[in-house]
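A look at the structure
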Amino acid sequence: MAPVGVWLFWLPMAPSTSFVTILAREGTNRALTERSQDASADRFPAMLKAGIVGLPNVGKSTLFNALVANAQAQAANFPFCTIEPNVGTVSVPDARLEQLTDLSKSAETIPTRMEFVDIAGLVKGASQGEGLGNKFLANIREVDAIVHVVRCFEDDDVIHVSGSVGPVRDAEVINLELGLSDLAQIEKRRERLKKQMRTSKEAQTEDAALERIQAVLEGGGAARSVELSDEEALMIKPLGLLTAKPIIYATNVSEDDLAAGNGFCEDVVALAAKEGAETVRISAQVEAELVELGEEERKDYLDGLGVEEGGLKSLIRATYRLLGLRTYFTTGEKETRAWTFRAGMTAPQAAGVIHTDFERGFIRAQTIGCEKLLEAGSLVEARNKGWLRSEGKEYEVEEGDVMEFLFNV
């Protein structure tokens, strides 16, 4: 006997479909009233959050203001001008969105978004509370990735807390404080595990993992460099270890050094290579000026500096690369939308980024690469050419896929 109340939900691609079309069997007809992004919430964030950290007066807040132009974080030439973290979200730029919008004649275009958190400048001794350090370190625990801004420009008019420019030295100050904070967390946790270890194998497993991490931290390394099993990673996740978070070094340079960099930048690149971290060259000064310009003026300005894109695009690309993130699209008459997923996700998991129902009742996905769809000119033509594929539960979604999901609940 056929199951009662089977719904077929399709994400829009054809002009005739709405955001979700419900085809009811056995006379059942209900509406999906929520488009929540609670899907896979435990394993995939609804919005990527990056914390901007660094010593005072390295250009963090100036960069933040430029990245999230409407947020207007306070930027001033004195230490600790930022106390409470400033938070702002930005659209992830992607030219393919507009192209798909034009193709589908969509009424709305919805990019993915990324949240930046401007965290106050850290100083030596932050892990012991210096410069309100404990408060600032707690803010870092809440982010998915760390953007570590290091000053790579000379300017006598901008105070440096150490009296001179030394980006590697500055980076090591921050990294040391993060490591000391993690050590304190681990020592407290291991103390609590002592009694449990007598009777709990799980406690023994967690303690062994923490012991390995502790040894690396005491040697000046980072928790992210320690190989852990999936079980161990889940056990220590609640600790929110700061040095376990992926890190991007943003070398803040003057306008003149944006295209080619300088010796300071080279030093930071070498440091990042040792740590397995990403680097991106930015100029907070240039970003602040770009905010005031129109699209064509921005392009002309950047061309004049010898660079292809502004710092926002470079920073987001570096963050996506570091975290292993990709983008797929849904498109139709009502809207064209970008969705962020992790590399290696199967079609059901990627569908779950939209809503848990999409993953739980996944049947199959109609898929085509964005470039192939644009080349075809329409979904109908892509289907006529045999370019539209039907993929099952084992399919690993690729960067730029345009997806249409069929599922039942």
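Refer to the preceding data block for the structure.
First things first, this report covers the structure right here in the doc. The numbers attached to residues start from 1 for each chain and follow its sequence in the written order. This being a predicted model, a pLDDT of at least 70 is required before a residue's local features are given, and a value of 80 or more before pairs of side-chain atoms are given or counted; all residues contribute to the totals for chains, interfaces and linings. Only hydrogens and water are set aside; all other atoms, that is, all heavy atoms of the structure, feed into the side-chain values.

**Regarding the overall build of the protein**
- When its secondary structure is counted, the protein shows 14 helices and 14 strands.
- Burial status across the protein gives 49% buried among its 409 residues.
- The contact criterion used throughout is that any non-hydrogen atoms of two residues lie within 4.5 Å. Intrachain contacts of the protein at a sequence separation of at least 6 include 68% that bridge at least 24 residues.
- Carbon and sulfur atoms make up 48% of the accessible area of the protein, which totals about 19600 Å². Helix and strand assignments come from DSSP, with helices taken as H or I runs of at least 4 residues and strands as E runs of at least 2, each series counted from the N terminus. Each residue gets one of three labels from its accessible area relative to the maximum for its type: buried under 20%, exposed over 50%, partly exposed in between, using a 1.4 Å probe on protein chains only. The accessible surface values rely on the Shrake-Rupley method and a 1.4 Å probe; as for residues, cover is taken only from the protein chains in view.

**Details of the pattern of salt bridges**
- Salt bridge, as used here, is a side-chain nitrogen of Lys or Arg placed within 4 Å of a carboxyl oxygen of Asp or Glu. Considering all chains together, one arrives at 15 salt bridges under this definition.
- Between aspartate 303 and lysine 299 there is a salt bridge, with the nearest N and O atoms lying 3.1 Å from each other. Residue aspartate 303 and its partner lysine 299 are located together in helix 9 (residues 295–305), separated by four residues, close to a single helical turn.
- Accessibility expressed as a relative area gives 47% for lysine 299, which makes it partly exposed.
- Where glutamate 391 meets arginine 389, a salt bridge forms, and the shortest distance between an N and an O atom there is 2.8 Å.
- On the basis of relative accessibility, which here comes to 17%, the residue glutamate 391 falls in the buried class.
- Under the relative-accessibility criterion, arginine 389 is labelled partly exposed at 29%.
- Look at the salt bridges and you will find they share partners, linking Asp94, Arg96 and Glu399 into a network.

**Section: a negative patch on the surface**
- Patch rule: a residue counts if its relative accessible area is over 30% and it has no salt bridge; like charges are joined within 9 Å, and nonpolar side chains (Val, Leu, Ile, Met, Phe, Trp, Tyr) within 5 Å. A positive count includes Lys and Arg, and a negative count includes Asp and Glu. His and the chain ends are not counted in either. By convention, the charge on Lys lies at NZ, on Arg at CZ, on Asp at CG and on Glu at CD. Judged by side-chain charge, Glu154, Asp155, Asp156 and Asp157 come together as a negatively charged surface patch.
- Mapped onto the elements of the fold, aspartate 157 is located in the loop between strand 7 (145–151) and helix 4 (167–196).

**Observations concerning the sheet that holds strand 4 (residues 86–91)**
- Here, any two strands with at least 2 DSSP bridges between them count as paired. Reading across the sheet, the six strands line up as 4-6-3-7-8-9 and stay open at both edges, with mixed pairing between neighbours. The open sheet is flanked by strand 4 and strand 9 (278–282), the only strands paired with a single partner. The average angle at which neighbouring strand axes cross in this sheet is 25°, direction not considered.
- As paired strands, strand 3 (residues 48–53) and strand 7 are joined by four bridges and run parallel to one another. Looking at the pairing, glycine 51 lines up with isoleucine 146 of strand 7.
- The sheet contacts of helix 1 (residues 60–67) involve strand 3, strand 4, strand 6 (113–118), strand 7 and strand 9, and relative to strand 6 the element is tilted by about 155°. With axes taken as lines fitted to C-alpha atoms, and helix axes fitted only over the stretch in contact, angles between N-to-C directions fall between 0 and 180 degrees.

**Concerning the packing of aromatic side chains**
- Centres within 6.5 Å are what make two rings of Phe, Tyr or Trp a pair, Trp counting through its six-membered ring; a difference in plane orientation under 30 degrees is then read as stacked, over 60 as edge-to-face, and the rest as tilted. Applying the stated criterion across every chain yields a total of four aromatic pairs.
- Judged by centre distance (6.3 Å) and plane angle (65°), the rings of phenylalanine 362 and phenylalanine 405 are edge-to-face. One end of the pair, phenylalanine 362, is in strand 12 (residues 362–369); the other, phenylalanine 405, is in strand 14 (residues 401–407), with 43 residues separating them in the sequence. The pair phenylalanine 362 / phenylalanine 405 is uniform in exposure class, with both members buried.
- Members of the aromatic cluster, each reached through a chain of ring pairs, are Tyr328, Phe341, Phe362 and Phe405.
- Charge over a ring is defined by NZ of Lys or CZ of Arg lying within 6 Å of the ring centre and within 35 degrees of the ring normal. The lysine or arginine in question, arginine 151, covers the ring of phenylalanine 153, its NZ or CZ lying 4.5 Å from the ring centre.
- Taking the ring centre of tryptophan 387 as reference, the NZ or CZ of lysine 372 above it sits at 3.9 Å.

**Section: unusual backbone geometry**
- Of note, the phi angle at lysine 105 is positive, near 55°, even though the residue is not glycine.
- Along the chain, lysine 105 falls in the loop between helix 2 (95–104) and strand 5 (108–110).
- Assessed through its relative accessible area of 66%, lysine 105 is described here as exposed.

**Considering the nonpolar core**
- Remark: nonpolar core denotes a set of buried residues (Ala, Val, Leu, Ile, Met, Phe, Trp, Tyr, Cys) joined through side-chain atoms within 4.5 Å. Counting 56 residues, the largest nonpolar core has Met114, Phe116, Ile140 and Tyr249 as the members making the most contacts within it.
- Residues contacting tyrosine 249, with those up to four places away along its chain left out, are His148, Ala171, Asn175, Val268, Leu271, Ala272, Glu275, Ala277, Glu278, Thr279 and Val280.
- Counting 17 residues, the second-largest nonpolar core is a separate cluster that includes Ile354, Tyr395, Met403 and Phe407.

**Observations concerning the environment of glutamine 204**
- Tracing the sequence through the fold places glutamine 204 in helix 5 (residues 201–218).
- Residue class for glutamine 204 comes out partly exposed when judged on its relative accessible area of 37%.
- A distance of 2.8 Å separates a polar atom in the side chain of glutamine 204 from the backbone oxygen of methionine 197. Within 3.5 Å is the distance limit for a polar contact, defined as a pair of N or O atoms, with the added protein rule that one can donate a hydrogen and the other accept it, and that residues adjacent in sequence qualify only through two side-chain atoms.

**With respect to the pairing of strand 7**
- Burial within strand 7 is extensive, with seven of its seven residues counted as buried.
- Across the two faces of strand 7 the burial is the same, with Ala145, Val147, Val149 and Arg151 and Ile146, His148 and Val150 all buried.
- By the bridge criterion, six bridges tie strand 7 to strand 8 (residues 247–252) in an arrangement that is parallel. Of the residues in strand 8, the one forming a bridge with arginine 151 is asparagine 252.

**Considerations on helix 7 (residues 263–275)**
- In a regular helix each residue adds 1.5 Å, so 13 residues correspond to 18 Å; helix 7 covers 19 Å between its end C-alpha atoms and thus fits that length.
- Cys265, Val268, Leu271 and Ala272 are the residues of helix 7 that are buried. End-on, the buried residues of helix 7 take up no more than an arc of 120°, which puts them together on one face. Within helix 7, the exposed residues directed more than 90 degrees away from the buried face are Glu266, Ala273 and Lys274.
- Contacts from the buried residues of helix 7 go to strand 7, helix 4, strand 8 and strand 9.
- One side-chain oxygen of the residue at the start of helix 7 lies 3.0 Å from the amide nitrogen of phenylalanine 264, identifying that residue as asparagine 262. Every helix has an expected span of 1.5 Å times one less than the residues it contains. When we speak of the arc, we mean the arc of directions from the helix axis to the C-beta atoms.

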